[in-house]
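What follows is each chain in one-letter form.
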Amino acid sequence: GHVEVGSLLLAARVDFAKARAADGTTALFIVAQNGYVDVVRLLLAAGVDYDKARTDTGATPLYIAAQTGHLDVVRLLLEAGVDYDKAKTDTGATPLYIAAQHGNVEEGRWVDLGGGGNVKTKNDTGATPLYIAAETTNVVDVRSLAPAGRGYYKTKHAPRQNSLSNDIMQVD
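Criteria and thresholds
Residues numbered from 1 in each chain as written. Predicted model: local features only at pLDDT ≥ 70, side-chain atom pairs only at ≥ 80, totals over all residues. Heavy atoms only, no water. Buried < 20%, exposed > 50% of the residue type's maximum accessible area, 1.4 Å probe, protein only. Helix = DSSP H or I, 4+ residues; strand = E, 2+ residues; numbered from the N terminus. Axes fitted to C-alpha atoms, helices over the stretch in contact; angles between N-to-C directions. Parallel < 35°, antiparallel > 145°, perpendicular 65-115°, else oblique. Left-handed = near helix turned anticlockwise from the far one by under 90°. Contact = heavy atoms within 4.5 Å. Nonpolar A, V, L, I, M, F, W, Y, C, P; charged D, E, K, R; others polar. 1 Å grid on protein atoms, 1.4 Å probe; cavity = no way out; pocket = protein on both sides within 12 Å on 5 of 7 lines; lining within 4 Å. Points joined across faces, edges and corners; volume = space filled by probe spheres on them. Patch = residues over 30% accessible without salt bridge, like charges linked within 9 Å, V, L, I, M, F, W, Y side chains within 5 Å. Areas by Shrake-Rupley, 256 points an atom, 1.4 Å probe, with all protein chains shown as cover. Salt bridge = Lys/Arg side-chain N within 4 Å of Asp/Glu carboxyl O. pLDDT = per-residue confidence, 0-100.

Draft legend 1. Seen up close, helix α4 (residues 61–68). With 6 of 8 residues buried, α4 is to be regarded as a mostly interior element. Of the positions making up α4, those classed as buried are P61, L62, Y63, I64, A65 and A66.

As structure tokens, then:
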């Protein structure tokens, strides 16, 4: 029923750029968040402007799809030409960062492989996807992000101490 509802709204000429929740959330953001790949495809094909689908904090459909682990939506958005480098939040968090924070690096590996993501890209506090994966003790994520092992990431401030972060990080 989601595709049918989307089709009805498109037929009614709803202005999806103006149809927002109080926090700036748009229809494209919501369907990306919930993994409704067919509705995402429908909205993109209808010309819904991806760049206007940001929330008030700068979160984008690509960011939320990475956070919630919807790889099919992530791939669709990247294939549709979404600019990965513009998908950062207002605090500089990237889709790969949020995927690592939520244990979705298996879903986030696409970014590093083909979408422009970089495990060394820092957010506004200096944290990288590798840093947050280690801090949250996501062993699989760290192994996926840091094939080089110990010393791969240097930081000016220490992460929360755990054996995983001690194994891969050095503090300057």
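Draft legend 2. Looking closely at the packing of helix α3 (residues 37–45) against helix α5 (residues 71–79). Two elements in contact, α3 and α5, have axes whose closest approach is 9 Å; the angle formed by their N-to-C orientations is 15°. On the basis of their axis angle, the class for α3 and α5 is roughly parallel. Pair α3 / α5 crosses with right-handed handedness. For the pair α3 and α5, the contacting residues are V37, V40, R41 and L44 in the first and D72, V73, L76 and L77 in the second. Class assignment of the residues belonging to the contact of α3 with α5 gives a composition of 6 nonpolar, no polar and 2 charged.

Draft legend 3. View of empty space enclosed by the protein. One pass over the structure, following the stated rule, counts 1 cavity of 30 Å³ or more. Counted as a void, the largest cavity has a volume near 30 Å³. Around the largest cavity, the lining residues are Y50, D51, R54, T60, D83, K86 and A87. Residue composition of the lining of the largest cavity, by class: 2 nonpolar, 1 polar and 4 charged.

Draft legend 4. Here's a closer look at a nonpolar patch on the surface. On the surface, a nonpolar cluster with roughly 210 Å² of combined accessible area is contributed by V5, L9 and V14. Inspection of the secondary structure puts V14 in the loop between α1 (2–11) and α2 (27–33). Classification of V14 by relative accessible area gives partly exposed; the value is 31%.

Draft legend 5. Up close: the confidence of the model for the protein chain. Summarising the model, the protein chain shows a mean pLDDT of 76, and 72% of its residues fall at 70 or more. Contacts of residues 148–157 to residues separated by more than four positions or lying in other chains number 30 contacts, the stretch itself having pLDDT below 50.

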